[in-house]
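# What the coordinates show
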Amino acid sequence: MKKLFIVANWKSYKSTSDAHAWLLNLERSLAFIDLNDIEVVVCPSYTSLPSMKAYILQKNINIKLGAQDISPFDEGAYTGEVNGQQVKEVGEYSIIGHSERRKEFGENDALIYRKVEQAQATGITPIVCVQGDDTPIPQGVSIVAYEPIFAIGTGTPDTPEHSEGIASTIKTKNPFVKYVLYGGSVNPGDVKNFTAMPSIDGVLVGGASLDPEKFSQIIENA
Ligand code: PGA
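These numbers come from a predicted model, not from an experiment.

## Notes on the pattern of salt bridges
For the structure on display, the rule yields 10 salt bridges. Glu39 serves as the salt-bridge partner of Lys64, at 3.3 Å between the closest nitrogen and oxygen. Here the residue Lys64 occupies a position in strand β3 (residues 64-67), and Glu39 occupies one in strand β2 (residues 38-43), the gap between them amounting to 25 residues. According to the relative accessible area criterion, Lys64 is partly exposed, its value standing at 26%. For Lys103, the salt bridge is made with Glu104, and the minimal N-O distance between the two is 3.1 Å. For the pair Lys103 and Glu104, a shared accessibility class is recorded, and that class is exposed.

This is the structure in structure tokens:
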């Protein structure tokens, strides 16, 4: 069976205590799910990462943590930024270049390249978001998420067939990309349609990941 990535992107939702309650709930469901060949990655706000990490280690829960961003700089006088070494203390992954960051924070390809460089330099695996198959992808990036803007938070996902075409083109153009995830209105009912596609290696889930029951169903159904 191919390896699948099921990634939760909580965006700017959930307090630390909400995050803890979510984790308790997911922990119960995961006990009944076979996680062989599935990498579950949860990306909460920075504020929730330390306590989630402590709980996951204490209970030996089979999920990984990631950040939703990373500084394009090493440590230094960059007010408000969280650098790669700091992310590394609490997570193994970082989402980079999400379309919300491009739209709301003016991020462009040049900035995204620098963020990817910082992730790679500090041993964090970047999950680079793109909206199609013509976005340049920095060398060495192994995980890309295809996230068409029309599908994000709208309840209208792209079709699995169209997403498959994009995923396969991304892999052909960028032979270093090993995994392409689909993101945009994924839910428990449609996740399998995407993961069944030969070039799609998992999903990046926003809205449906906030509910631990829906998220565990997505993992189970994938
Ligand atoms: P959505 O978000 O699942 O709520 O559509 C996906 C994303 O933005 O990563």
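## Considerations on the side chain of Asp190
Within the secondary structure layout, Asp190 lies in the loop between β7 (179-183) and α7 (191-195). The side chain of Asp190 sits in the buried core without any salt bridge; Lys214 is the nearest counter-charge, 11 Å away. Of note is the side chain of Asp190, whose polar atom sits 2.9 Å from the backbone nitrogen of Asn187. Among residues more than four places away in sequence, those in contact with Asp190 are Pro157 and Ser185.

## Regarding the site of the ligand
Around the ligand lies a shell of 13 residues, among which Lys11, His98, Gly153, Ser185 and Gly207 are the nearest. One of the side-chain N or O atoms of Glu147 is found 2.8 Å from an oxygen atom in the ligand. One nitrogen or oxygen atom from the main chain of Ser185 is found 2.7 Å from an oxygen atom belonging to the ligand. About the coverage of the ligand: the protein hides 95% of its 280 Å² of free accessible area.

## Some words on the environment of Thr122
Of note, Thr122 is situated in helix α5 (residues 109-122). With 24 residues separating them in the primary sequence, Thr122 and His98 have C-alpha atoms 20 Å apart. Non-local contacts of Thr122, meaning those with residues more than four positions away in its chain, are made with Gly84, Gln85 and Lys88.

Conventions used here
Residues numbered from 1 in each chain as written. Predicted model: local features only at pLDDT ≥ 70, side-chain atom pairs only at ≥ 80, totals over all residues. Heavy atoms only, no water. Salt bridge = Lys/Arg side-chain N within 4 Å of Asp/Glu carboxyl O. Helix = DSSP H or I, 4+ residues; strand = E, 2+ residues; numbered from the N terminus. Buried < 20%, exposed > 50% of the residue type's maximum accessible area, 1.4 Å probe, protein only. Lys, Arg positive; Asp, Glu negative; His and termini not counted. Polar contact = N/O pair within 3.5 Å; in protein donor to acceptor, adjacent residues only side chain to side chain. Contact = heavy atoms within 4.5 Å. Near = heavy atom within 4 Å. Areas by Shrake-Rupley, 256 points an atom, 1.4 Å probe, with all protein chains shown as cover.

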